[in-house]
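One-letter residues, chain by chain:
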Amino acid sequence: MAYRDTIVCDDRSRGIFRVHRSAMTSERILADERSHIFNKCWLYVGHASEVAKPGDYLRRWVGGKPVIFLRDSGGTVRVHYNTCTHRGATLCREASGNTRVFQCFYHAWTFDTTGKLMITPGAEAYTAGFDKADYALRGPARVAEYRGLYFLNHDPDAMDLRTYLAGATEYLDLILDQGGDEGMRIVDGAHLYSVRTNWKLMVENSIDGYHAPTVHATYVDFVKDSGGGTNPAALGTGQGFDLGNGHATMESVAAWAKPTYWEPFYGDAARPEVEAKRARLIDRYGAERGERIAGNFRNLLIFPNLIINDVAAITVRRIEPVAPDRVSIEAWALAPVEEANGSAALQRRLDSFLTFLGPGGFASPDDVEALESCQQGFAAQPGVEWSDISRGMGRVPLPNDELQIRTFWRAWASQMDGAGFPEQVVDVETPQVSQPAARS
Amino acid sequence: MTGVISTQSTELRSRVEDFLYAEAALLDEWRLDDWLALFTPNARYEVPSTDRPEGRPDTALMLISDTRAMIGARVKRLNSRKAYREFPWSRTRRIVGNVRVLGVAESGELEVTANFAVYRTRNGRTHCYAGRYLYRLVPDGDAFLIAFRRAELDHESLDEHGTISIIL
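Just so you know, these numbers come straight off a predicted model, no measurement behind them.

## Looking at the overall build of chain A
At step 1: Across its full length, chain A holds eleven helices and 21 strands.
At step 2: Since a compact globule built from 440 residues should have a radius of gyration of about 22 Å, the 23 Å found for chain A is in line with a globular shape.
At step 3: Counting only C-alpha atoms and orienting by the principal axes, one finds that chain A spans roughly 80 × 55 × 35 Å.
At step 4: Within the span of chain A, comprising 440 residues, buried residues form 48% of the whole.
At step 5: Put simply, of all contacts in chain A between residues at least 6 apart along the chain, 63% involve residues at least 24 apart.

Set out below in structure tokens:
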């Protein structure tokens with residue numbers, strides 16, 4: 001079936017964009033997503049800093065497949081499928097660690113970190129036709145890196161990662177440049193949780209500015225109570241962007257504290273250090289770019305399922321479908337390496353992170369509630385079949401318009417039809433009904 | 001001799017148990033302002049991430065790492081009708097057990113551990129948070145004040161829970 005026009009209706013003549021709710025409830029559509037999206041697109045696996053030393057490994061599920069993400073004994077970052085090539089047992093059974101070999105507990109076949117099969121106990125029982133080289137650990141067709149962010153692709157014919165990332169690299173750089181000379185790292189500890197909703201609603205929610213004042217009213221109150229939200233310039237600034245290949249972002253002046261923008265939440269004692277961080281970015285990247293890096297919020301979607309939000313702190317969020325009505329989330333804090341363990345800067349960043357983000361934050365739980373309530377609402381099909389994502393089609397899109405979400409859905413539908421990525425939206429989508437842009 | 005110590009420690013443990021049970025009742029009854037009054041001015045409340053149960057807030061991403069001011073902000077938020085994950089309120093039922101006094105400092109501050117099972121029921125589902133508490137309790141008349149409260153979860157992930165929207 002064609003997904004464009006039947007599941008995603010993009011009527012630019014009228015400025016109406018709708019998504020059929022079966023996209024969030026159908027087992028068959030999830031199966032199609034696995035074939036056409038998760039087996040075709042570049043999927044985030046992890047960050048180089050998570051496997052910093054040779055032999056470091058961790059276990060993950062990526063695109064529904066079990067993998068080992070590791071740095072081999074020679075220092076090369078690799079991804080192996082986490083299944084013994086003998087009879088299938090899970091090879092790596094610990095969440096993370098450091099090792100020289102992987103020994104299967106079932107029959108003790110033993111592999112080195114490059115994936116080479118070293119030992120098959122009772123080797124004399126095999127014929128001369130049995131070649132251990134045929135049984136090396138298998139991995140995804142492609143593994144590639146962008147500045148420490150590792151991605152895999154199950155499709156040998158996929159375009160290279162850099163081409164795939166398209167305009168998203170500009171925004172990745174605005175985030176990764178905060179690491180200066182030493183770069184960025186993932187802080188120890190992850191937020192691991194599942195939500196009873198379709199994975200695409202978690203994507204939508206992560207790049208949705210429209211819901212903030214309503215769903216997060218208590219967070220806005222908290223910011224006010226802590227003396228924050230003082231920058232009058234933040235209101236009404238910014239824009240949403242289609243970055244090509246399904247990637248999207250919204251960027252605006254920071255509405256409250258972030259580790260490079262001081263507000264009273266951080267305390268007076270922290271002010272010189274926070275302002276020095278901002279000044280260093282301006283020194284390094286110039287006034288315009290440095291100020292943009294330090295003083296703006298940005299929510300970034302890397303299609304299909306990676307979110308990097310540079311807000312109260314920087315979160316890397318991987319979104320993994322489990323069932324049509326269930327999604328598994330992994331989220332980490334990304335920080336400059338120079339913010340060492342035990343430092344006031346790291347503590348401030350993590351405190352800032354937790355005000356908003358994560359299962360115990362003051363905001364994310366209400367997002368979870370909203371998404372689960374949407375999923376329940378979808379049971380009203382066929383009485384109510386469509387969700388509307390038309391906001392801002394007739395103007396230069398604001399961060400609280402829905403261009404970012406339309407960008408995701410346009411790429412989704414096109415990929416599902418096997419038609420590659422759609423043309424990037426660079427102009428007002430429905431100019432004949434355009435209104436004056438409200439932004440300053 | 002052991003009998004004397006045992007009697008003293010049993011009496012002390014009973015007082016601690018009474019305090020923890022009363023605290024659990026306040027939370028189950030959503031008397032959050034009364035619960036907040038149990039904390040010292042410099043108190044902390046922590047829940048480490050499920051993959052780092054030993055995690056410390058200055059080196060690891062926690063699930064919750066609240067100063068006293070943030071505990072107060074958390075209570076204010078949960079008292080609002082706009083904390084949508086918890087309005088309408090969930091029903092909770094806390095079972096606190098295996099209470100042990102691990103140590104008594106010269107100041108009288110107690111180090112206490114206990115196991116917990118916190119059942120949360122809402123919107124057609126019941127799930128359980130299981131783990132252990134670590135407390136530092138400061139004597140306050142016949143009762144105590146909480147200087148430190150940490151809930152370490154046994155779950156590998158919050159797969160069934162999605163959030164920690166209640167106080168654990």
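Having seen it, we continue.
## Re the overall build of chain B
At step 1: A count of helical and extended segments in chain B gives three helices and six strands.
At step 2: Beginning at the N terminus, the succession of helices and strands in chain B can be written as α-α-β-β-α-β-β-β-β.
At step 3: The C-alpha atoms of chain B give a radius of gyration of 16 Å, which matches the 15 Å a tight globule of 168 residues would have.
At step 4: Principal-axis analysis of the C-alpha atoms gives chain B an extent of 55 × 30 × 30 Å.
At step 5: Expressed as a percentage of its 168 residues, the buried residues of chain B come to 34%.

## Some details on the domain arrangement of chain A
Residues and elements named next belong to chain A.
At step 1: Domain boundaries assigned for chain A yield domain 1 (43-146) and domain 2 (167-433).
At step 2: Averaged C-alpha coordinates put domain 1 and domain 2 at centres separated by 34 Å.
At step 3: If you look at the interface, domain 1 gives seven residues, while domain 2 gives eight residues.
At step 4: It is strand 3 (residues 43-47) that provides the largest number of residues to the side of domain 1 that touches domain 2, a total of three residues.
At step 5: In terms of residue class, the side of domain 1 that touches domain 2 is built from four nonpolar, two polar and one charged.

## Thoughts on the nonpolar core
At step 1: Membership of the largest hydrophobic core comes to 147 residues, with the highest contact counts inside it found for A:Leu43, A:Val45, A:Met202, A:Leu301, A:Ala333, A:Phe408 and B:Leu61.
At step 2: Residues from two domains meet in this core; each of domain 1 (43-146) and domain 2 (167-433) of chain A gives at least three.
At step 3: Residues within four places of B:Leu61 in sequence aside, it is in contact with A:Val187, A:Asp188, A:Gly189, A:Ala190, A:His191, A:Trp332, A:Ala333, A:Leu350, A:Phe353 and B:Ser49.

## Some points on helix 9 (residues 344-356) of chain A
At step 1: Here helix 9 of chain A contains 13 residues, and its C-alpha end-to-end distance of 19 Å stays within 8% of the 18 Å for a straight helix at 1.5 Å per residue.
At step 2: Within helix 9 of chain A, ten of the 13 residues are buried, which leaves it mostly tucked inside the rest of the structure.
At step 3: Where helix 9 of chain A is concerned, the buried positions are A:Leu346, A:Arg348, A:Arg349, A:Leu350, A:Asp351, A:Ser352, A:Phe353, A:Leu354, A:Thr355 and A:Phe356.
At step 4: Here the buried face of helix 9 of chain A lies against helix 6 (217-225), strand 19 (314-323), strand 20 (326-336) and helix 10 (364-377) of chain A together with strand 2 (62-67) of chain B.

## A short note on the packing of helix 1 (residues 27-38) of chain A against helix 11 (residues 403-416) of chain A
Geometry of a packed helix pair, given as the angle between the helix axes and the separation of the axes.
Residue and element names in this part refer to chain A.
At step 1: Taken N-terminus to C-terminus, the directions of helix 1 and helix 11 make an angle of 95°; their axes are 9 Å apart at the nearest point. By the criterion of interaxial angle, the relationship of helix 1 to helix 11 is roughly perpendicular. Each of Asp 32, His 36 and Ile 37 in helix 1 lies in contact with helix 11, whose residues at this interface are Trp 412, Gln 415 and Met 416.

## Looking at the sheet that holds strand 4 (residues 110-122) of chain B
All names here are of chain B.
At step 1: Pairing is mixed across the open sheet formed by six strands, whose spatial order is 2-1-6-5-4-3. With one partner strand each, in any of the chains shown, strand 2 and strand 3 (91-104) form the two edges of the open sheet. The mean angle between the axes of side-by-side strands here comes to 20°, regardless of whether they run parallel or antiparallel.
At step 2: Where strand 4 and strand 5 (residues 125-140) come together, 13 bridges link them in antiparallel fashion. Looking at strand 5, one finds that Val 112 is bridged to Tyr 135.
At step 3: Against the sheet, helix 3 (residues 68-78) engages strand 1 (39-48) and strand 2, with an angle of about 75° to strand 1.

Conventions we followed
Residues numbered from 1 in each chain as written. Chains lettered and ligands numbered in written order. Predicted model: local features only at pLDDT ≥ 70, side-chain atom pairs only at ≥ 80, totals over all residues. Helix = DSSP H or I, 4+ residues; strand = E, 2+ residues; numbered from the N terminus. Rg over C-alpha atoms; globule rule 2.2 N^0.38 Å. Buried ≥ 20, exposed ≤ 12 C-beta atoms within 10 Å, placed from the backbone. Contact = placed C-beta atoms within 7 Å. Domains from an automatic or database assignment. Nonpolar A, V, L, I, M, F, W, Y, C, P; charged D, E, K, R; others polar. Core = buried A, V, L, I, M, F, W, Y, C linked by C-beta atoms within 7 Å. Expected span 1.5 Å × (residues − 1). Axes fitted to C-alpha atoms, helices over the stretch in contact; angles between N-to-C directions. Parallel < 35°, antiparallel > 145°, perpendicular 65-115°, else oblique. Pairing = 2+ DSSP bridges.

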